[in-house]
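Chain by chain, the residues:
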Amino acid sequence: MSVSDQPIPLSGRILDIGVRFLPHFVLFAVIIGAWEISVATGLITSIIIPRPSAIWSAIVELYITEGTIYRHFFITLTEAVVGFAIGAGVAVSLAIASSLWDPFRRYVTPYAVVLNVTPGIALTPVIIAWFGYGMGSKIALAAIISFFPIFVNTLTGLVQVDEDREELFNSLGASNVQVFRKLRAPAALPLMFAGFKIGLTTALIGAVVAEFAQATDGVGVLMSRFSFQLNMAASLATLLSMTVIGLILFYSMEFLDDRIVFWRRESRRAAASRARARTWAAQAKK
Amino acid sequence: MVKHEQSMAAAGDVVVSGLNVGKTFAAGTVVALENANFDIKRGSFVSLVGPSGCGKSTLLRLVSGLIEPTSGEIEVHGTPVNGPRADISMMFQKATLLDWRTSLENVLLPTEINGTPSKADKNRALDLLKLVGLEDFAFSFPAQLSGGMQQRVALARLLQTGADILLLDEPFGALDEFTREHLNTELMRIVAEVRATAIFVTHNITEAIFLADQVVVMTSRPGRMAKIINVDLERPRPLSIQTSVEFNKLVEDVRETLGAV
Ligand SMILES: Nc1ncnc2c1ncn2[C@@H]1O[C@H](COP(=O)(O)OP(=O)(O)OP(=O)(O)O)[C@@H](O)[C@H]1O
Ligand SMILES: [Mg+2]
């Protein structure tokens, strides 16, 4: 935290960032350089590990000159997102029902636990047999393995008791529905979003693993195809696209988390506070 | 400042009464409150003082209808209490604000529970925030407020219910002494201004006497009302009254009652 509130001039800030990241750039350059040299000198055979420069050319080809990656990229992204949406929808509905109705929870929980301890990935062949080679099986697997973390987090969030606040609601004569809508549900949001972040990442794993197993499109297919051809540079260049999908998914959820669970972060609170004041002023004028 | 005259004017007008009220917990093994008899007059300020575990909170929760007595009966405005009701409202030691609501939205919660707040309700909430000195923080979230400010929001929310009987369970107990003293003075002013009846729980003898028309001294194991002491000090009361001879006589009286058992 800085003591003075004086704004630092832009040039100074750029310099600041430069100084802070310089060691990281240097380390990265050294690793890449050492890698390039050890492959070039034959220390490591390029069939196992390609040169960084070869990966770079593959990236240029896949992403810029030929642009083959994009169709696959969007297919995998769609599978992960749709799978997540289905998994999250079912998980949140079951968690809400379980939190409201104890007998329901007693019947649902064992199945959820069994589903969790069974490695979801192992279901791949069965899922493909059921849903075919297309996007359906990828979506199904993504949905199945993203279900559990979301279910558990949402249920935990919903059943955690805040006795003092509940007593307040009771003393105000609130109905069960009101306690749920105005207290339990908002209080569960932080944990729910923690579950969403895990679920979204596992959904991507599900989609890619199902593509590896059997598919015609998607970055997983592309990557295994390149690997079979022993085109390691292109294979690793494809892997990069999965990282990018992962980052897009993670940061989209982080963004939503920030806006929806705004009260947990100082800067978001301040922004939300100003927004409420503006809304009030606008309504007062009418 | 509005003079606190209601208790005189409406003397004899009982709004809360208890007859042989008892409460046990754990299948009768814990006697939280035994044989409590009391009449509370309209507009009066009653302090409940006593050691930890003597049943002060239990008594408030019984009056509010949050729990049912094991024996005896409590009446409010002439009707028996059987569950939470609109003419009674309670405030706790913790502010129990909702983190995702602004001060204004927190104050509006009781109104929302009864229906959709009208424009008048919203303006009333804003007025109440003004009354507790928080007009500049209407759009702040609880995490942006100090502990004392959070309790003020809770106080405004208490008043927003429109209840004329206010139950306060150590409302400023978690705050530092300066803030507490200040808020106590404010509370006295506000309760007089809205002409409410207040039952105020505290561990602090000075505070109990300073605020009240009547101090109910409670003793523990089993929880009992040991003595009811009338405080005939005139209002408004300056803080300096606490050093007066009369005031200290009352303090001694309470001390003796507490020490006698
Ligand atoms: N829900 C409960 N279950 C079992 N025992 C309880 C319950 N609530 C209160 N008690 C017991 O009843 C007695 C009175 O409790 P109460 O909370 O009313 O005391 P108090 O005077 O408010 O104390 P404090 O000043 O510490 O808040 C205590 O012995 C307590 O352990
Ligand atoms: Mg208590």
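Predicted model only: the values in this text are computed from it and were never measured.

A.B. asks: For this particular structure, what's the right way to read the domain arrangement of chain A?
C.D. replies: Interface size is commonly expressed as the accessible area that is lost once the parts come together. Considered domain by domain, chain A is made up of domain 1 (14-49) and domain 2 (63-264). Each of domain 1 of chain A and domain 2 of chain A has a C-alpha centre, and the two are 35 Å apart.

A.B. asks: Is there a simple way to explain the nonpolar core in this structure?
C.D. replies: Generally speaking, soluble globular proteins have nonpolar side chains that are buried together. Core analysis: the largest hydrophobic core is formed by 86 residues, its most contacted members being Phe169(A), Phe196(A) and Phe38(B). Looking at this core element by element, the count peaks at 11 residues for helix H8 (residues 176-213) of chain A. When residues no more than four places from it in sequence are discounted, the contact partners of Phe169(A) are Ala174(A), Gln178(A), Val179(A), Lys182(A), Leu183(A), Leu98(B), Leu109(B) and Ile113(B). In this structure, Leu104(B), Val132(B), Met149(B) and Val231(B) belong to the second largest nonpolar core, which totals 53 residues.

A.B. asks: Is there a simple way to explain the interface of chain A and chain B in this structure?
C.D. replies: Contacts between chain A and chain B engage 27 residues on the former and 29 residues on the latter. Of the roughly 2,600 Å² buried at the junction of chain A and chain B (both faces included), carbon and sulfur atoms supply 65%. At the junction of chain A with chain B, the criterion picks out 4 salt bridges. Between Lys94(B) and Asp164(A) there is a salt bridge whose closest N-O contact spans 2.8 Å. Summed over the shared surface of chain A and chain B, the number is 7 residue pairs in polar contact (both at pLDDT 80 or more). At the level of elements, helix H7 (163-171), H8 and helix H11 (266-285) of chain A are the ones that each hand at least two residues to the side of chain A that touches chain B. Element by element, the count of residues in the side of chain A that touches chain B is highest for H11(A), at 9 residues. When the residues that make up the side of chain A that touches chain B are grouped by side-chain class, the tally is 14 nonpolar, 6 polar and 7 charged.

A.B. asks: Looking at this structure, I do not really get the packing of aromatic side chains. What am I missing?
C.D. replies: Aromatic ring pairs are reported here in terms of the distance separating the ring centres and the angle at which the planes meet. Tallied over the entire structure, the rule returns 12 aromatic pairs over all chains. An angle of 50° between the planes, with centres 5.8 Å apart, marks the rings of Phe45(B) and Phe200(B) as tilted. Taken as a pair, Phe45(B) in strand S3 (residues 45-49) and Phe200(B) in strand S8 (residues 197-202) lie far apart in primary sequence, 155 residues in all. The pair formed by Phe45(B) and Phe200(B) is uniform in burial state, with each residue classed as buried. Connected via pairs of aromatic rings, a cluster forms that spans Phe262(A), Trp263(A), Trp100(B) and Phe141(B).

A.B. asks: Would you mind going over the pattern of salt bridges with me for this structure?
C.D. replies: All names here are of chain A. Inspection of every chain in the model, using the stated rule, returns 24 salt bridges over all chains. One salt bridge in this structure joins Asp102 and Arg105, with 2.7 Å as the shortest N-O distance. Of this pair, Asp102 and Arg105 both sit in helix H4 (residues 102-117), 3 residues apart, which is roughly one turn of that helix. Taking the relative accessible area as the measure of exposure, Asp102 reaches 40% and is therefore partly exposed.

A.B. asks: It is not clear to me how the site of ligand 1 should be interpreted in this structure. Could you clarify?
C.D. replies: Residue and element names in this part refer to chain B. All residues in the neighbourhood of ligand 1 are listed as Phe25, Val30, Ala32, Ser52, Gly53, Cys54, Gly55, Lys56, Ser57, Thr58, Glu170 and His203. In this structure, an oxygen atom belonging to ligand 1 sits 2.8 Å away from a side-chain N or O atom of Lys56. In the complex, 61% of the free accessible area of ligand 1, which totals 630 Å², lies under the protein chains. If you list the elements that add at least two residues to the shell around ligand 1, you get strand S2 (30-41) and helix H2 (56-64). Of the residues contributing to the shell around ligand 1, the split by class is 4 nonpolar, 6 polar and 2 charged.

A.B. asks: What am I meant to see in the environment of Ile48(A) here?
C.D. replies: As for its placement among the helices and strands, Ile48(A) is situated in the loop between helix H1 (10-40) and helix H2 (52-65). Residues Ile48(A) and Asn231(A) lie 183 residues apart in sequence; the distance between their C-alpha atoms is 9.6 Å.

A.B. asks: Sorry if this is basic, but what is going on with the confidence of the model for chain B here?
C.D. replies: Segments scoring low in pLDDT should not have their predicted coordinates read at a detailed level. All names here are of chain B. Counting all residues, the mean pLDDT for chain B is 91, and 95% of those residues have values of 70 or more. Per-element averaging of pLDDT across chain B places helix H1 (residues 6-9) at the bottom with 40 and helix H3 (residues 103-113) at the top with 97. Our summary of model confidence lists the complex with pTM equal to 0.86 and ipTM equal to 0.88.

A.B. asks: Teacher, can you tell me more about the sheet that holds S2(B) here?
C.D. replies: Note: strands within a sheet are paired through backbone hydrogen bonds, in either parallel or antiparallel orientation. Residues and elements named next belong to chain B. The sheet built from 4 strands is open, its strands ordered S2-S1-S4-S5 with antiparallel pairing. Two strands in the sheet have a free side with no partner beyond their single neighbour: S2 and strand S5 (79-80). Where strand S1 (residues 14-25) and strand S4 (residues 71-76) come together, 5 bridges link them in antiparallel fashion. In the strand pairing of S4, Gly22 is matched with Ser71.

A.B. asks: What is the right way to read a nonpolar patch on the surface from this model?
C.D. replies: Taken together, Ile17(A), Phe21(A), Leu22(A), Phe25(A), Val26(A) and Val30(A) make up a surface patch of nonpolar side chains, about 580 Å² in accessible area. Structurally, Leu22(A) is set in helix H1.

A.B. asks: How should I be thinking about the pairing of strand S9 (residues 214-219) of chain B in this particular structure?
C.D. replies: The side chains of a regular strand alternate, first on one face of the sheet and then on the other. Residues and elements named next belong to chain B. When you tally the buried positions in S9, you get 6 out of 6 residues, the bulk of the element. Side chains Gln214, Val216 and Met218 project from S9 onto one buried face, and the interleaved Val215, Val217 and Thr219 project onto a second face that is buried too. In terms of strand pairing, S3 meets S9 through 4 bridges, oriented parallel. When the bridges of S9 are listed, Val46 appears paired with Gln214. Note that S9 and strand S10 (residues 224-230) share 6 bridges and pair antiparallel. Note that in S10 the partner of Met218 across the bridge is Met225. The loop that links S9 with its antiparallel partner S10 comprises 4 residues; one of these, Arg221, has a positive phi angle of about 50°.

A.B. asks: Any chance you could explain the sheet that holds S10(B) here in plain terms?
C.D. replies: All names here are of chain B. Read from one edge to the other, the open sheet built from 6 strands follows the order S6-S7-S8-S3-S9-S10, with strand pairing classed as mixed. Each end of this open sheet is capped by a strand with a single partner; those strands are strand S6 (88-91) and S10. Sheet twist, expressed as the average angle between the axes of neighbouring strands with direction ignored, equals 20°. Packed on one face of the sheet, helix H6 (residues 177-193) meets S3, strand S7 (165-169) and S8 and runs near 160° to S8. Those strands touched by helix H8 (residues 245-259) are S3, S9 and S10, and its axis lies near 165° from that of S10.

A.B. asks: Help me out: how do you make sense of the pairing of S1(B) in this one?
C.D. replies: All names here are of chain B. Across 8 bridges, S1 lies against S2 in antiparallel orientation. Counted as the bridge partner of Val21 is Ala36 from S2. Here S1 folds back onto S2 in antiparallel fashion, the turn holding 4 residues, of which Ala26 has a positive phi close to 50°.

A.B. asks: For this particular structure, what's the right way to read the environment of Trp263(A)?
C.D. replies: With respect to the helices and strands, the residue Trp263(A) is situated in the loop between helix H10 (232-260) and H11. Given the relative accessible area of 10%, Trp263(A) is considered buried. Linking Trp263(A) and Gly120(A), residues 143 residues apart in sequence, is a C-alpha distance of 35 Å. The residues contacting Trp263(A), other than those within four sequence positions of it, are Pro186(A), Leu189(A), Pro190(A), Arg269(A), Asp99(B) and Trp100(B).

Cut-offs applied
Residues numbered from 1 in each chain as written. Chains lettered and ligands numbered in written order. Predicted model: local features only at pLDDT ≥ 70, side-chain atom pairs only at ≥ 80, totals over all residues. Heavy atoms only, no water. Domains from an automatic or database assignment. Core = buried A, V, L, I, M, F, W, Y, C linked by side-chain atoms within 4.5 Å. Buried < 20%, exposed > 50% of the residue type's maximum accessible area, 1.4 Å probe, protein only. Helix = DSSP H or I, 4+ residues; strand = E, 2+ residues; numbered from the N terminus. Contact = heavy atoms within 4.5 Å. Buried area = accessible area lost by both parts, 1.4 Å probe. Salt bridge = Lys/Arg side-chain N within 4 Å of Asp/Glu carboxyl O. Polar contact = N/O pair within 3.5 Å; in protein donor to acceptor, adjacent residues only side chain to side chain. Nonpolar A, V, L, I, M, F, W, Y, C, P; charged D, E, K, R; others polar. Phe/Tyr/Trp six-rings, centres within 6.5 Å; stacked < 30°, edge-to-face > 60°. Near = heavy atom within 4 Å. Areas by Shrake-Rupley, 256 points an atom, 1.4 Å probe, with all protein chains shown as cover. pLDDT = per-residue confidence, 0-100. Pairing = 2+ DSSP bridges. Patch = residues over 30% accessible without salt bridge, like charges linked within 9 Å, V, L, I, M, F, W, Y side chains within 5 Å. Axes fitted to C-alpha atoms, helices over the stretch in contact; angles between N-to-C directions.

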